[in-house]
Amino acid sequence: MNETFSINLKDVKQDLLLGIIECNKRGLVQSAKWLSELSHGLTDVSVSFSGKSFENLHTGIAEEEYDDYVLAKSYFDVREYDRSAYFTRNCQSPVPRFLNMYATYMSKEKKRLDNMSDNSIVNSNSHVKDFSELLATLRADHGQRKLDGYCMWLYGVILKKLDLNQMAVQIFVDAINAEPTLWGAWLELAPLVTDKNMLQNLKLPNHWMKQIFVGYTYIELFLNDEGIKIFEHLQSAGFGKCIFIPTQLAIAFSNKRDVDKSIEIFRHLHEVDPFRLDNLDSYSNLLFVKDMKTEMAHLAHKAVDINKYSPETCCVVGNYYSIRADHHKAVVYFQRALKLNPRYLSAWTLMGHEFMEMKNTNAAIQSYRQAVEVNRRDFRAWYGLGQAYEILKMPFYSLHYYKAAQQLRPYDSRMLVALGETYEKLEKGENALKCYQKAYNVGDIEGVALYNLARLYERREEIEKAIPAFLRFCSDEKAVADKSSLCHAYMTLGNFYEKNDQFDKASHFAYKCLEHEESKREAEALLKTIANKRSQKAAAAAAAKETPSSADKEKSTDMDLEEVEMDESNVGRMVHMVMAQDDMLVENDEPEFQLEQGVDDISALSIIMEHGSEGNE
């Protein structure tokens, strides 16, 4: 998978023109649309129109079958699939034969979707019965090597619907090698690729389409930096005007939580192609995250004007009602999207979120499960299932779903914090500590990992380890959203230093607590305790000593000042050491995080904390 590839744009344009013709002949409208958009982005590239492109208009259609084919294709185009299949039932040439099988498939699929009720599931056992005859025909032809690339694609689609994924992968690879410009085959293969290693071991043709597929799959696997590198290279290689390329970059930046850059790209795409609905739901999600209500309203009105009854429009309008906290209306629109396309991933996931807001946990679970059926790599659905079972107080179930989400997003601190909290509930403290430490090291998005770590140490009565974590947590108090956790950290630090007779530090944190109403009384009590201890200590010192000479007084004062300075320098050294070691933890963090391996190794942060306790902190 070498990203330093070179591309001949004239060859690309010629391949695209041929691919468009072949897909249109077979009724593969989505692949033809994608190829046409890519071709339109290469308008500056000139090719000869007198060559293979027009010669291929009628290839693959026997002369005696041409009239049947033309009639059947016209029926197919107006979605009369049974009539289309009937008039090509005896055809043997490649194009009409494919049209016959594809029309049969589309007829079965349309009837199944039309009969779906609101509570039906995405996948069901009826698939086997519906496609049994067609599957038997395709299997027999494949065994006799009679299938071309397009028929192999259809064979793979049916295998995938029946969850025969391993066989489907091989069939899709064969289809791609036979017909590299069949985008539908690449698109069906991408969700079946489980990791980078599998992607690199696929025996794919050395074709320019492979680079687009690799970049697309990297982003699907959340390997965003690798995907961005490929698509940026494609842009510089001449694909800059192809709308698919910047769309993928926008999705990758969104995955990396660079929301502003992603919104900027989507705005540009909307200006270039103002009537495009593809990926408009992703744009709407970003506006939702940034709480841009006015922009969401404009986007919803625009989408309704373009096509009121498209799944993308329904999702955009649903998001608009969601940001207005009208969750019932939002659910109605997400359900409309699913009636139009029951495999529309965004609608299932977003509807699950709405049910969670409405406290309808069972409905949320059902929605998230359907999202997982559509795409098992939707980390939001796995995470939503974990949250739902957490509300139902079923931590073992939560743990399973949070683990699935974390494996999809190994460097997302939200997944790690959720895992840590679940491990705490299951009284697996060592696992929880490891999760919180990892969440802090990878960049704590919500700013709670360090506090949870300190609190867990505190509950385990390992206060010497908790104190450095609390200190670090309090070091940037403006970034802490939950002021109650900040108050607790201040009080813990104040009480700790008071018990260790470090009254200046104890007073500092007690005064911090006075700023918050909820901890004001406790802080006042602590300050009184500190004042009493100071006076008792002073009285004891006075009683133990006779009145000293002026020289002894001066010497004693110098020693006291030196002792305070040493104490303050120790504190500074302690905090500096904790911060330096924590930074080393982040830099030296291992790329892989397997929760299954146990927690026998003592974490670096724990070692820092233990050393800190020896510094009389």
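Residues numbered from 1 in each chain as written. Predicted model: local features only at pLDDT ≥ 70, side-chain atom pairs only at ≥ 80, totals over all residues. Heavy atoms only, no water.

Under an unreviewed UniProt entry, the name given to the protein is Cyclosome subunit 8, and the source organism is Aedes aegypti. Quoted verbatim from the Pathway (unreviewed entry) field of UniProt, the annotation for the protein is "Protein modification; protein ubiquitination." Under the heading Sequence similarities (unreviewed entry), UniProt records this for the protein: "Belongs to the APC8/CDC23 family." (UniProt positions renumbered as here; feature names shortened; annotations may be inferred.)

Draft legend 1. Just the overall build of the protein, in detail. Within the protein one finds 32 helices and zero strands. Considering the protein as a whole, with its 617 residues, one finds that 50% of them fall into the buried category. A sequence separation of at least 24 residues applies to 60% of the contacts in the protein between residues at least 6 apart. Roughly 31,600 Å² of accessible area belongs to the protein as shown, and the carbon and sulfur atoms make up 50% of that amount. (Helix = DSSP H or I, 4+ residues; strand = E, 2+ residues; numbered from the N terminus. Buried < 20%, exposed > 50% of the residue type's maximum accessible area, 1.4 Å probe, protein only. Contact = heavy atoms within 4.5 Å. Areas by Shrake-Rupley, 256 points an atom, 1.4 Å probe, with all protein chains shown as cover.)

Draft legend 2. A look at a nonpolar patch on the surface. Together, Leu392, Met394, Phe396 and Tyr397 make up an exposed nonpolar region whose accessible area comes to about 400 Å². Position of methionine 394 relative to the elements: it lies in the loop between helix H22 (379-391) and helix H23 (395-408). (Patch = residues over 30% accessible without salt bridge, like charges linked within 9 Å, V, L, I, M, F, W, Y side chains within 5 Å. Salt bridge = Lys/Arg side-chain N within 4 Å of Asp/Glu carboxyl O.)

Draft legend 3. Expanded view of the packing of helix H17 (residues 293-306) against helix H18 (residues 311-323). Contact geometry for H17 and H18: axes closest at 9 Å, N-to-C directions at 150°. As summarised for this structure, H17 and H18 are arranged roughly antiparallel, according to the angle between their axes. Read as a crossing pair, H17 and H18 show a hand that is left-handed. On H18, the residues that touch Lys293, Met296, Ala297, Leu299, Ala300, Ala303 and Val304 of H17 are Thr313, Val316, Val317, Asn319, Tyr320 and Ile323. By residue class, the composition of the contact of H17 with H18 is 10 nonpolar, two polar and one charged. (Axes fitted to C-alpha atoms, helices over the stretch in contact; angles between N-to-C directions. Parallel < 35°, antiparallel > 145°, perpendicular 65-115°, else oblique. Left-handed = near helix turned anticlockwise from the far one by under 90°. Nonpolar A, V, L, I, M, F, W, Y, C, P; charged D, E, K, R; others polar.)

Draft legend 4. View of helix H28 (residues 483-499). Taking 1.5 Å per residue, 17 residues should reach 24 Å; H28 reaches 24 Å between its end C-alpha atoms and fits that length. Most of H28 sits out of view: 12 of its 17 residues are buried. Turning to H28, its buried residues number three or more, namely Ser485, Leu486, Cys487, Ala489, Tyr490, Met491, Thr492, Leu493, Gly494, Phe496, Tyr497 and Glu498. (Expected span 1.5 Å × (residues − 1).)

Draft legend 5. Representation of the side chain of serine 367 within the structure. Checked against the element boundaries, serine 367 lands in helix H21 (residues 361-374). Overall, serine 367 belongs to the buried group, its relative accessible area being 3%. Filtering out sequence-adjacent residues up to four positions away, serine 367 remains in contact with Trp348, Met351, Gly352 and Phe355.

Draft legend 6. Focus on the packing of aromatic side chains. According to the stated counting rule, one finds 32 aromatic pairs in the structure shown. Both rings, one in phenylalanine 496 and one in tyrosine 497, keep their centres 5.4 Å apart while their planes meet at 70°; by these two values the pair is edge-to-face. For the residue pair phenylalanine 496 and tyrosine 497, the accessibility class agrees, reading buried in each case. Taken together through their ring pairs, the aromatic side chains of Phe76, Tyr81, Phe98, Tyr102, Tyr105, Phe131, Tyr150 and Trp153 make up a single cluster. A cation sits over an aromatic face here: arginine 83 above tyrosine 75, 3.9 Å from the ring centre. Lying across the ring of tyrosine 86, arginine 89 places its NZ or CZ 4.0 Å from the centre. (Phe/Tyr/Trp six-rings, centres within 6.5 Å; stacked < 30°, edge-to-face > 60°. Lys NZ or Arg CZ within 6 Å of the ring centre and 35° of its normal.)

Draft legend 7. How the structure looks around the environment of glutamate 312. Along the chain, glutamate 312 turns up in helix H18. As a C-alpha pair, glutamate 312 and tyrosine 344 span 32 residues in sequence and 8.9 Å in three-dimensional space. Every residue in contact with glutamate 312, bar those within four places of it in the chain, is listed here: Leu277, Asp278 and Tyr344.

Draft legend 8. Expanded view of the UniProt feature "repeat: TPR" (unreviewed entry) in the protein. Summarizing the sequence annotation, UniProt attributes the feature "repeat: TPR" (unreviewed entry) to residues 311-344, 345-378 and 413-446 in the numbering used throughout. Between the C-alpha atoms that bound residues 311-344 there is a distance of 7 Å. The span itself is 79% helix and 0% strand. Helix makes up 79% of residues 345-378 and strand makes up 0%, while its end C-alpha atoms are separated by 8 Å.

Draft legend 9. Structural view of the nonpolar core. Ranked by size, the top nonpolar core spans 182 residues in total, and within it Trp153, Leu189, Leu202, Ile212, Phe213, Phe231 and Phe239 carry the most contacts. Looking at this core, the element that brings in the most residues is helix H8 (residues 149-161), giving nine residues. The residues that make up this core include at least three from each of domain 1 (193-273) and domain 2 (274-375). Contact partners of phenylalanine 231, with chain neighbours within four places excluded, come to Ile212, Gly215, Tyr216, Ile219, Phe244, Ile245, Gln248 and Leu249. (Core = buried A, V, L, I, M, F, W, Y, C linked by side-chain atoms within 4.5 Å. Domains from an automatic or database assignment.)

Draft legend 10. Main features of the pattern of salt bridges. Applying the stated rule across the entire model yields 28 salt bridges. As a salt-bridge pair, glutamate 109 and arginine 112 come within 3.0 Å of each other at their nearest N and O atoms. Of this pair, glutamate 109 and arginine 112 both sit in helix H6 (residues 94-114), three residues apart, roughly one helical turn. Accessibility classification places glutamate 109 together with arginine 112 in one group, the buried group. Residue arginine 377 pairs with glutamate 220 through a salt bridge whose shortest N-O separation is 3.4 Å. In this pair, arginine 377 is assigned in the loop between H21 and H22 and glutamate 220 in helix H12 (residues 208-220), connecting sequence segments 157 residues apart. You can call arginine 377 buried: its relative accessible area is 11%.

Draft legend 11. Representation of the environment of proline 342 within the structure. As for its placement among the helices and strands, proline 342 is situated in the loop between helix H19 (327-340) and helix H20 (345-357). Separated by 31 residues in the primary sequence, proline 342 and proline 311 place their C-alpha atoms 9.4 Å from one another.

Draft legend 12. Summary view of unusual backbone geometry. Positive phi, normally seen in glycine, also occurs at arginine 79, with a value near 65°. The topology assignment puts arginine 79 in the loop between helix H4 (66-77) and helix H5 (81-87). Here arginine 145, not a glycine, exhibits a phi torsion of approximately 60°, which is positive.

Draft legend 13. Structural context of the packing of H28 against helix H29 (residues 503-514). Here H28 crosses H29 at 155°, and the two axes come no closer than 8 Å. The pairing of H28 with H29 is recorded here as roughly antiparallel in orientation. When you trace H28 past H29, the crossing you get is left-handed. Across the interface between the two elements, Cys487, Tyr490, Met491, Leu493, Gly494, Tyr497 and Glu498 from H28 touch Phe503, Lys505, Ala506, Phe509, Lys512 and Cys513 from H29. Grouping the constituent residues of the contact of H28 with H29 by class yields nine nonpolar, one polar and three charged.

Draft legend 14. Structural detail: the environment of asparagine 255. Looking at where asparagine 255 falls in the secondary structure, it is placed in helix H14 (residues 244-255). According to the relative accessible area criterion, asparagine 255 is buried, its value standing at 16%. Leaving out residues up to four positions away in the same chain, asparagine 255 has contacts with Ile219, Phe222, Asn224 and Arg409.

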